[in-house]
Amino acid sequence: MVKLSVCADQVAALRNITKRGEPDPMTAVMMSQVSGADAVTISWTSDASLYLGGEYDIIRQLVHTHLNVIAPPDLELLQSILTISPDMVTLVPSGYGHTGLDNEWFDSPWPQGDSLERPVERMTRALQENRILTNILIRPTATHVRQCAEIKTDYVHIDASQYVQAAGPEEKSRVYEEMAGAAKTAARLNMGVSVGRGVDYRTAAELAGIAEVEEMVVGYAVAVRAMTIGFERAVRDLVDLIRHAPRPPVDW
């Protein structure tokens, strides 16, 4: 069964735009869990542009399911992240857009990075030493999956943005096969698989059909639907879609 992790970043970003204290991302965190989400995802940015001082500690106290933190491989942030002891940290490239689908990082050497300083590998080791699961955002290619296997991360987080933005059926089918192939490679290399970035109510069930996918991270789609039908109903509808999606057996 595919698990759902609801990302509260879009709620926090909207709150910061209005500068009125609402909508409250803390409420989104609580309602996500009450409504059946298996996990909550938040971003920890180096410039603290999403969550206000003290909110990370509050979120940690509110999340009784599974807390995933998205962060760059910045060793200066590491100690701050460790103070809330998340269940998982998903590493993303520096400059990664936390509330949009900016794909400029596709042209970067991520996740290899600097061969001398090796920030991704160093942060992965430090997190695992503190019993925190590690995940790395990747493009859906076998090459990137193997790079993550060399780093010895616990999971790979496959970028779904090209799939959800595909121009037509042929492109969509091609990207789906790439994602499925990357997921299969990851499973064979003993890594878990999550998907995210752009997943919505139209594509969630389709992507749940990839047998190796264990979790989906969805934020924007939930926030948008919540504006019309409420946060609880929006999360429950997505949980229902994912959990009832047909899934083939895992091919080992």
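Bear in mind that the values here come from a model prediction, so they are computed numbers and not experimental data.

Undergrad: Which parts of the structure should I look at to understand the pairing of strand β5 (residues 133-138)?
TA: Side chains on a regular strand alternate between the two faces of the sheet. Of all six residues making up β5, five are buried, and the element is well covered by its neighbours. As defined by bridge partners, β5 adjoins strand β6 (residues 155-159) across four bridges and the pair is classed as parallel. Of the residues in β6, the one forming a bridge with L137 is H157. One crossover worth recording links β5 to the parallel β6 by way of helix α6 (residues 142-151), and it is right-handed.

Undergrad: Looking at this model, I keep getting lost on helix α11 (residues 231-243). Mind explaining?
TA: One turn of the α-helix equals 3.6 residues, which is why residues spaced by three or four share an orientation. With 13 residues, α11 extends 18 Å between its outermost C-alpha atoms, agreeing within 8% with the 18 Å of an ideal straight helix rising 1.5 Å per residue. Among the residues of α11, F231, A234, V235, L238, V239 and I242 are the ones counted as buried. With its buried residues spanning 130° around the axis, α11 presents them on a single face. The inward-facing, buried residues of α11 contact β1 (3-7), α1 (9-18), α2 (25-34), α9 (204-207), β8 (215-218) and α10 (220-229).

Undergrad: What is the right way to read the packing of α2 against α11 from this model?
TA: Angle between the axes and distance between the axes are the two parameters that describe a pair of packed helices. Interaxial distance between α2 and α11 falls to 9 Å at its minimum, and their mutual angle equals 45°. Regarding the angle of α2 to α11, the classification is oblique. Here the hand of the crossing between α2 and α11 comes out right-handed. Of the residues in α11, those touching α2 at A28, M31, S32 and V34 are F231, E232, V235 and R236. For the contact of α2 with α11, the class distribution of residues is five nonpolar, one polar and two charged.

Undergrad: Would you mind showing me how to read the pairing of strand β4 (residues 88-91) here?
TA: Side chains M88 and T90 project from β4 onto one buried face, and the interleaved V89 and L91 project onto a second face that is buried too. Inspection of the sheet shows strand β3 (residues 67-71) paired to β4 by four bridges, in the parallel sense. Looking at the pairing, V69 lines up with V89 of β4. At this point the chain moves from β3, through helix α4 (residues 75-82), to the parallel β4, and the crossover so formed is right-handed. Summarising the sheet, β4 and β5 pair through four bridges and their orientation is parallel. Opposite M88, over in β5, you have L133 as the bridge partner.

Undergrad: Can you walk me through the nonpolar core in this structure?
TA: Core analysis: the largest hydrophobic core is formed by 81 residues, its most contacted members being I42, I158, M179, L207, M216 and V222. In terms of residue count, the dominant contributor to this core is helix α8 (residues 169-188) (seven residues). Residues contacting L207, with those up to four places away along its chain left out, are A160, Y163, Y176, M179, V199, V213 and M216.

Undergrad: It is not clear to me how the sheet that holds β6 should be interpreted in this structure. Could you clarify?
TA: Think of a sheet as strands paired side by side through backbone hydrogen bonds, with each pair either parallel or antiparallel. If you walk around this closed barrel you meet the eight strands as β1-β2-β3-β4-β5-β6-β7-β8, and the pairing is parallel. Across the sheet, the axes of successive neighbouring strands diverge by a mean angle of 25°, strand direction being ignored. In this structure, strand β7 (residues 192-196) lies alongside β8, joined through three bridges in parallel fashion. Note that in β8 the partner of S194 across the bridge is E215. Packing of α11 onto the sheet brings it into contact with β1 and β8, and relative to β1 it is tilted by some 150°.

Undergrad: Help me understand α10, please; the structure alone is not making it clear to me.
TA: For α10, the complete set of buried residues consists of A221, V222, A223 and A226. Looking at the buried positions of α10, the neighbouring elements they touch are β1, α1, β8 and α11. G230 lies just past α10 and shows a positive phi near 95°.

Undergrad: What's the story with the environment of Q128 in this structure? I'm lost.
TA: Structurally, the position occupied by Q128 is in helix α5 (residues 119-129). Taking the C-alpha atoms as reference points, Q128 and N103, 25 residues apart in sequence, are found 28 Å from one another. Setting aside residues no more than four positions away along its own chain, Q128 makes contact with T134, K152, T153 and D154. At 2.7 Å, the side chain of Q128 forms a polar contact with the side chain of R125.

Undergrad: Sorry if this is basic, but what is going on with a nonpolar patch on the surface here?
TA: A surface patch of nonpolar side chains, about 330 Å² in accessible area, is lined by L14, I17 and M227. Its place among the elements puts I17 in helix α1.

Thresholds applied
Residues numbered from 1 in each chain as written. Predicted model: local features only at pLDDT ≥ 70, side-chain atom pairs only at ≥ 80, totals over all residues. Heavy atoms only, no water. Buried < 20%, exposed > 50% of the residue type's maximum accessible area, 1.4 Å probe, protein only. Helix = DSSP H or I, 4+ residues; strand = E, 2+ residues; numbered from the N terminus. Pairing = 2+ DSSP bridges. Right-handed = clockwise from strand over helix to strand, strands pointing away. Expected span 1.5 Å × (residues − 1). Arc of directions from axis to C-beta. Contact = heavy atoms within 4.5 Å. Axes fitted to C-alpha atoms, helices over the stretch in contact; angles between N-to-C directions. Parallel < 35°, antiparallel > 145°, perpendicular 65-115°, else oblique. Left-handed = near helix turned anticlockwise from the far one by under 90°. Nonpolar A, V, L, I, M, F, W, Y, C, P; charged D, E, K, R; others polar. Core = buried A, V, L, I, M, F, W, Y, C linked by side-chain atoms within 4.5 Å. Polar contact = N/O pair within 3.5 Å; in protein donor to acceptor, adjacent residues only side chain to side chain. Patch = residues over 30% accessible without salt bridge, like charges linked within 9 Å, V, L, I, M, F, W, Y side chains within 5 Å. Areas by Shrake-Rupley, 256 points an atom, 1.4 Å probe, with all protein chains shown as cover. Salt bridge = Lys/Arg side-chain N within 4 Å of Asp/Glu carboxyl O.

Don't take any of this as a statement about function, it's just geometry.
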